[in-house]
Amino acid sequence: MKTKFASSISALTIFACSFSAMAADYPSKPIEVIIPYGAGGSTDTTGRVFINAIKKSLGADVVPLNVAGAGGTIGMAQMFHSEPDGYTLGFSPIAPVTVQPHLRKLPYGMDSFEPVCLVSDNPNVIAVAPDSELNSIDDLVALSKSGKVVAVGAAPGSMPHIVQAAVANAYGTKFTYLPAGNAANSAKAVLGGEATFSSNVSSMVSVNGLKGLAVLADERLVELPDIPTLKEQGEDLSLSIWFGLFAPQGTSEDKLDKLDEACSEAVQDPEFLEGMKKAQSIVRYLPRSEFKEYYQEQFTNNKELLELIGVKAK
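So, how was this worked out
- Residues numbered from 1 in each chain as written.
- Predicted model: local features only at pLDDT ≥ 70, side-chain atom pairs only at ≥ 80, totals over all residues.
- Heavy atoms only, no water.
- Helix = DSSP H or I, 4+ residues; strand = E, 2+ residues; numbered from the N terminus.
- Rg over C-alpha atoms; globule rule 2.2 N^0.38 Å.
- Contact = heavy atoms within 4.5 Å.
- Areas by Shrake-Rupley, 256 points an atom, 1.4 Å probe, with all protein chains shown as cover.
- Lys, Arg positive; Asp, Glu negative; His and termini not counted.
- Charge placed at Lys NZ, Arg CZ, Asp CG, Glu CD.
- Expected span 1.5 Å × (residues − 1).
- Buried < 20%, exposed > 50% of the residue type's maximum accessible area, 1.4 Å probe, protein only.
- Arc of directions from axis to C-beta.
- Right-handed = clockwise from strand over helix to strand, strands pointing away.
- Pairing = 2+ DSSP bridges.
- Salt bridge = Lys/Arg side-chain N within 4 Å of Asp/Glu carboxyl O.
- Axes fitted to C-alpha atoms, helices over the stretch in contact; angles between N-to-C directions.
- Left-handed = near helix turned anticlockwise from the far one by under 90°.
- Nonpolar A, V, L, I, M, F, W, Y, C, P; charged D, E, K, R; others polar.

Colleague: Before we go on, may I ask you to explain the overall build of the chain in this structure?
Modeller: The number of helices and strands found in the chain is 11 helices and 10 strands. What you see for the chain is a C-alpha radius of gyration of 22 Å, in line with the 20 Å of a compact globule of 314 residues. Taking the principal axes of its C-alpha atoms as reference, the chain extends roughly 90 × 40 × 30 Å. When contacts within the chain are restricted to residue pairs at least 6 apart in sequence, those whose partners lie at least 24 apart make up 79%. Within the structure as shown, the chain displays about 14,000 Å² of accessible surface, and the carbon and sulfur contribution to it stands at 53%. Side chains of the chain give 25 positive and 35 negative charges; the mean places of these two sets differ by 7 Å.

Colleague: Explain helix 9 (residues 253-266) here, please?
Modeller: Because the α-helix completes a turn every 3.6 residues, residues three or four places apart line up on one side. The terminal C-alpha atoms of helix 9, which comprises 14 residues, lie 20 Å apart, in line with the 20 Å expected from a rise of 1.5 Å per residue. Turning to helix 9, its buried residues number three or more, namely Lys255, Leu256, Leu259, Asp260, Ala262, Cys263 and Ala266. Seen along its axis, helix 9 keeps its buried residues to an arc of 165°; they face one direction.

Colleague: I tried to follow the pairing of strand 1 (residues 31-35) on my own but got confused; where do I start?
Modeller: Here is the key point about a regular strand: its side chains alternate between the two faces of the sheet. Burial analysis of strand 1 places 4 of its 5 residues in the buried class, which makes it a mostly covered element. Since strand 1 and strand 2 (residues 62-66) lie parallel, the crossover through helix 2 (residues 42-58) that links them has a hand, and here it is right-handed. Bridge count for strand 1 against strand 3 (residues 88-93) is 3 bridges, and the pairing is parallel. In the sheet register, isoleucine 34 faces strand 3, and the bridge partner there is glycine 90.

Colleague: Got a minute to help me understand the pattern of salt bridges in this structure?
Modeller: Pairing is possible between side chains that carry opposite charge, provided their charged atoms lie close to one another. The final tally for this structure, using the stated rule, is 7 salt bridges. The partner of arginine 284 in a salt bridge is aspartate 121, and the shortest N-O contact between them spans 2.8 Å. Here arginine 284, found in strand 10 (residues 283-286), pairs with aspartate 121, found in strand 4 (residues 113-128); they are 163 residues apart in sequence, far enough to count as distant. Look at aspartate 121 and you get buried, because its relative accessible area is 12%.

Colleague: Any chance you could explain the packing of helix 2 against helix 9 here in plain terms?
Modeller: Each pair of packed helices gets described by two things: the angle between the helix axes and the distance between those axes. It is at 8 Å that the axes of helix 2 and helix 9 come closest, and there the two elements cross at 115°. Helix 9 is crossed by helix 2, and the crossing has right-handed handedness. On helix 9, the residues touching Phe50, Ala53, Ile54, Ser57 and Leu58 of helix 2 are Lys258, Leu259, Ala262, Cys263, Glu265 and Ala266. Classifying every residue of the contact of helix 2 with helix 9 gives 8 nonpolar, 1 polar and 2 charged.

This is the structure in structure tokens:
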């Protein structure tokens with residue numbers, strides 16, 4: 001005679017088998033990847049190139065969804081509140097996940113996401129209009145003494161905002177800051193004369209025909225060999241904007257492992273590499289285990305950076 005205990009064991013076994021089968025079938029429907037900025041910017045461009053590649057490695061439909069606003073936090077908050085079933089992910093740059101949580105009360109923090117993989121890492125470039133009379137950081141700093149220099153970038157708390165503040169702090173000056181949304185809007189502001197310079201990823205310089213004054217990296221970029229580093233011009237300051245794939249906290253290990261494996265294949269895909277080259281976005285891949293450690297370090301380090309440049313962290 002079957003006991004209640006035996007019946008319970010059977011039920012648990014059936015449940016476990018069903019769960020394993022569900023994980024093995026993943027993904028069985030389209031995956032939505034939230035891009036927390038509008039179309040046309042560096043996050044959107046890099047994200048779509050990556051999404052096209054991981055779509056192939058997963059063998060499933062992967063759909064980008066732009067959810068812009070509040071320095072990327074609206075989109076990442078939406079992803080955080082979604083079901084941790086592997087069907088809603090987020091493709092985020094550094095600021096929404098490692099800077100903004102220090103500046104305002106948000107529904108998420110460092111432990112709210114499951115980092116899946118790092119895809120790209122791009123040093124910031126200080127850039128002006130191609131016909132600007134400014135040809136070096138020293139020129140920019142000298143002009144700033146008149147109070148006429150306007151820096152443009154995304155919302156306060158974004159990396160462009162932090163970069164211009166860090167540069168101003170290093171040179172003992174100040175810039176007026178103009179929030180303009182994504183990188184494409186920032187470039188338009190510089191080209192249209194509304195702003196003096198932008199501080200954004202290297203790809204935005206070439207794509208928009210801007211003139212670079214300095215790269216915030218240890219070495220010159222292969223993609224922009226004629227632009228000197230800030231270090232060459234007297235200040236050892238390196239700041240970059242990276243992009244990575246995230247899942248909501250609580251996503252199962254089986255699904256995270258499958259996404260991690262798919263990332264590894266995606267970043268080696270020839271079409272992905274060609275697309276990133278065209279977008280002038282620098283590929284830097286970290287698998288799940290390494291990206292998690294890097295993400296946590298960045299979260300802590302950026303709080304210290306904010307305090308260093310005089311931005312009060314909460």
